[in-house]
Amino acid sequence: MAEHPRYAPLASRALIGLEGADWRDFLHNLITQDVESLTPGDIRFGALLNPQGRLLYDLFAVGREGGCWLDVAASERTAIIQRLTLYKLRAMVTIAAVPPPVSPLFPGAGAAPAEPGWFADPRLPALGWRGYGATAPSDAALADETAYEACRLSLGVPGPADWGVEKTYPIEANFDLLAGIDFKKGCFVGQETTSRMKRRGTVKTRFLPLAFEGEPPSPGAEVLAGDLRAGQVLSTGEGLAMASLRLDRIEGADLTADGRPVRVVRPDWFEEAVG
C-alpha cells in the first residue's frame, strides 16, 4: 500500500522575487543552473558560488510570468538579497522578499498534486514536490520540518547544514549528481573551478550518509579508517548522519566516529551516477 503523502511547512526556507526586463540574463550569469530556458511552471535546483567556486547558498529557481522566485534558506535571505544587489549594477531587475511559504509534499509516491503551486523536486523524484503558497491535497497528513529533514537524510541528500557557507565545493556536496549544475550553460560565478573539477575527475571527497547504532556521533567528529582520517561528520539524525568522506579511504574500511562503528550508506541514485 502506498504511503500517504505528508505536508510540512518549512520555516527554514523563504522566497525572493526577481522581476524586470533583465532578470533572466542577470540571474543566468550568476548561478550554476540554466535560467535562459526557465519557463513558468519550471523549477531548477542550483547554487550561488563565490568566485573561488565554493558554495555560498543553495537555491531553487521557480519560473513565473515575468520573473522567477528563488527558494532559499530563510536565515540567509537578507544576505542573498544584498549579494544579488551588489551584482545588479545597471541591470533592470527588482529583487525583493516575497511572502508565500515553502511547503514540501513527501515522499514522492503517486501522482502529482492536482492543486496549483506544486513543483516536482528537481533533485530526486523520491523527494516529492515543493509547494509555494500551495494548498495541501486532502489526503496529505500534516507533518513538521523534522519529519521532512529525516526523509531527506534517509535518501542521502545533503542540506545547507552540511555544506555551510564558503566551505564546500558544490561537487563535493553532490550538486552535480542532483541536477544542481548545468555544465553546458557557460559562465557563472565560480564556473572555472567547478568545470575543472568535473573535467579532470579529481573529486576525492563526497557527502554520503553514515549509519550507526545508538546515540549519533557529534557534528564535526572525525571519521576514521583505523588510524587514518577518512572524513568528518556534518549533521546528524536518528540512526543516520551526513558526512564528508574521502572516497579513496572508505572502500572496504572499518570506520569509526567518536570511537564507535559507523557504516557508509551509498544511495541508489549515487551508485547509478558514480558506480
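So, here's what we can say about the structure. Just so we're clear, the structure is a prediction, and the values are computed from it rather than from any experiment. (Residues numbered from 1 in each chain as written. Predicted model: local features only at pLDDT ≥ 70, side-chain atom pairs only at ≥ 80, totals over all residues. Heavy atoms only, no water.)

1. Re the state of the cysteines
Line of reasoning, step 1. Within this structure, the stated rule accounts for zero disulfides.
Line of reasoning, step 2. Here C68 is not cross-linked by a disulfide; its sulfur's nearest cysteine counterpart is in C187, at 20 Å.
Line of reasoning, step 3. C68 sits in the buried class, given a relative accessible area of 2%.
Line of reasoning, step 4. Judged by relative accessible area, which is 58%, C187 ranks as exposed. (Disulfide = S-S within 2.5 Å. Buried < 20%, exposed > 50% of the residue type's maximum accessible area, 1.4 Å probe, protein only.)

2. Quick notes on the side chain of T168
Line of reasoning, step 1. Turning to its location among the elements, T168 is positioned in the loop between α4 (160–163) and α5 (191–200).
Line of reasoning, step 2. Of the polar contacts made by the side chain of T168, one reaches the backbone oxygen of W163; its length is 3.1 Å.
Line of reasoning, step 3. Beyond its immediate chain neighbours, meaning those up to four positions away, T168 contacts R54, L55, W163, A173 and F207. (Helix = DSSP H or I, 4+ residues; strand = E, 2+ residues; numbered from the N terminus. Polar contact = N/O pair within 3.5 Å; in protein donor to acceptor, adjacent residues only side chain to side chain. Contact = heavy atoms within 4.5 Å.)

3. Details of the sheet that holds strand β13 (residues 228–236)
Line of reasoning, step 1. The strand order around the closed barrel formed by six strands is β11-β14-β13-β12-β15-β16, and the pairing between neighbours is antiparallel. Ignoring strand direction, the axes of neighbouring strands in this sheet form an average angle of 40°.
Line of reasoning, step 2. Looking at chain direction, strand β12 (residues 222–225) and strand β15 (residues 255–257) are connected through three bridges and run antiparallel. By the bridge assignment for β15, V223 is matched with A257. (Pairing = 2+ DSSP bridges. Axes fitted to C-alpha atoms, helices over the stretch in contact; angles between N-to-C directions.)

4. Quick word on unusual backbone geometry
Line of reasoning, step 1. The omega torsion across F106 and P107 is -10°, close enough to zero to call that bond cis.
Line of reasoning, step 2. Its location among the elements puts P107 in the loop between β7 (102–106) and β8 (118–120).
Line of reasoning, step 3. A positive phi is found at L89, a non-glycine position, where the angle reads about 50°.
Line of reasoning, step 4. Tracing the sequence through the fold places L89 in the loop between α2 (77–88) and β6 (94–98).
Line of reasoning, step 5. At E166, a position not held by glycine, the phi torsion is positive, near 60°.
Line of reasoning, step 6. Following the sequence through the fold, E166 ends up in the loop between α4 and α5.

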